[in-house]
Amino acid sequence: MAFELPSLPYALDALEPYISAETMHHHHEYQHRNYLLRLNTINAGSPYASESLESLIMSATGERLACAVEAWNHSFFWHCLSPWSNGYSVDALGRAINERWGSIDAFKDAFEQSALALFSSGWTWLVKMQDGSLAIINTTASDTPLKQGLIPLLALDMWEHAYYLDYQGNRYKYIQAFWPLVNWEFAAQNLTS
């Protein structure tokens, strides 16, 4: 089974002015596609050829694992963003955030600090822990919360290709641009799934 690049849930220019069409084109059409093309090449004729991304994440190693992780993370990330951001609400997710951090502003601050502290390339995640509590974690290089048995709710791509065209080295400005695009409905669905 060859993996295909999933379509974005919105147009390339839909996230402007926060994320440009040029960045989205480069990020989706080149970065994400290349992970899948490389994975298809590695998997061709191997016992892994019919496995899902999730299965590969749990069983593969080396470059096969790295490509599967990055392909899955990117597919997840596209849904964390929305041009029709429905805004933060005090639903089950909102209550859990308030319980854990005290307020949405305190959560955002903790998330931003975690993302800024990520020295190398990687991801910042809001996750549901195995005990049901929420946490903010970073994964570096090609790692994902799935590998740790955690449930991803929300992700921010902190690899340079996610922001350098629009924000160059200003990671803080990129992180600030994330909040108006957050798909809170998607995050809330992940909490209850």
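Residues numbered from 1 in each chain as written. Predicted model: local features only at pLDDT ≥ 70, side-chain atom pairs only at ≥ 80, totals over all residues. Heavy atoms only, no water.

To continue, consider the overall build of the chain. If you tally the helices and strands in the chain, you get eight helices and three strands. Relative to a compact globule of 193 residues, whose C-alpha radius of gyration would be 16 Å, the chain shows 16 Å and is just as compact. Across its three principal axes, the chain shows a C-alpha extent of roughly 50 × 40 × 30 Å. A total of 193 residues make up the chain; the buried ones form 49% of that total. Carbon and sulfur atoms form 52% of the exposed surface of the chain, whose accessible area is close to 8900 Å². (Helix = DSSP H or I, 4+ residues; strand = E, 2+ residues; numbered from the N terminus. Rg over C-alpha atoms; globule rule 2.2 N^0.38 Å. Buried < 20%, exposed > 50% of the residue type's maximum accessible area, 1.4 Å probe, protein only. Areas by Shrake-Rupley, 256 points an atom, 1.4 Å probe, with all protein chains shown as cover.)

Attention now goes to the environment of L36. Checked against the element boundaries, L36 lands in helix α1 (residues 21-43). With 84 residues separating them in the primary sequence, L36 and S120 have C-alpha atoms 22 Å apart. Not counting residues up to four positions away in its chain, the partners in contact with L36 are F3, E4, L5, P6 and A71. (Contact = heavy atoms within 4.5 Å.)

Now for the side chain of S114. Checked against the element boundaries, S114 lands in helix α5 (residues 104-117). For S114, a relative accessible area of 15% corresponds to the buried category. Look past the residues within four positions of S114 in its chain and what remains in contact with it is T124, I136 and N138.

Turning our attention to the packing of α5 against helix α7 (residues 171-178). Contact geometry for α5 and α7: axes closest at 10 Å, N-to-C directions at 140°. In this structure, α5 crosses over α7, and the sense of that crossing is right-handed. Counted together, F111, E112, A115 and L116 of α5 and R171, Y172, I175, Q176 and F178 of α7 form the full contact between these two elements. Of the residues that constitute the contact of α5 with α7, the class distribution is six nonpolar, one polar and two charged. (Axes fitted to C-alpha atoms, helices over the stretch in contact; angles between N-to-C directions. Left-handed = near helix turned anticlockwise from the far one by under 90°. Nonpolar A, V, L, I, M, F, W, Y, C, P; charged D, E, K, R; others polar.)

Okay, the sheet that holds strand β1 (residues 122-128) next. Strand order in the open sheet formed by three strands is β2-β1-β3, and the pairing between neighbours is antiparallel. With partners counted over all chains shown, the strands left at the sheet margins are β2 (134-140) and β3 (151-157), one partner each. The sheet shows a mean angle of 25° between the axes of neighbouring strands, direction not considered. Bridge analysis of β1 against β3 gives six bridges, and the strand direction is antiparallel. Bridging across to β3, W125 finds its partner in A155. (Pairing = 2+ DSSP bridges.)

Let us look at the pairing of β2. The buried count for β2 comes to five of seven residues, which makes it a mostly enclosed element. Looking at chain direction, β1 and β2 are connected through seven bridges and run antiparallel. In the strand pairing of β2, V127 is matched with A135. Two successive antiparallel strands, β1 and β2, enclose a turn made up of five residues, where G132 displays a positive phi of approximately 95°.

It is worth spelling out the packing of aromatic side chains at this point. Where two aromatic rings form a pair, the distance of their centres and the angle of their planes describe that pair. Under the criterion given, the structure shown has 16 aromatic pairs. Ring geometry for F107 and W179: centres 6.0 Å apart, planes at 70°, overall edge-to-face. Of this pair, F107 sits in helix α5 while W179 sits in the loop between α7 and α8 (184-192); the two residues are 72 residues apart in sequence, bridging distant segments of the chain. The exposure class assigned to F107 is buried, which follows from its relative accessible area of 0%. Assessed through its relative accessible area of 9%, W179 is described here as buried. (Phe/Tyr/Trp six-rings, centres within 6.5 Å; stacked < 30°, edge-to-face > 60°.)

In this section: the confidence of the model for the chain. For the chain, mean pLDDT is 95; residues scoring 70 or higher make up 99% of the total. When the elements of the chain are averaged for pLDDT, helix α6 (residues 164-167) gives the smallest value, 93, and β3 the largest, 98. (pLDDT = per-residue confidence, 0-100.)

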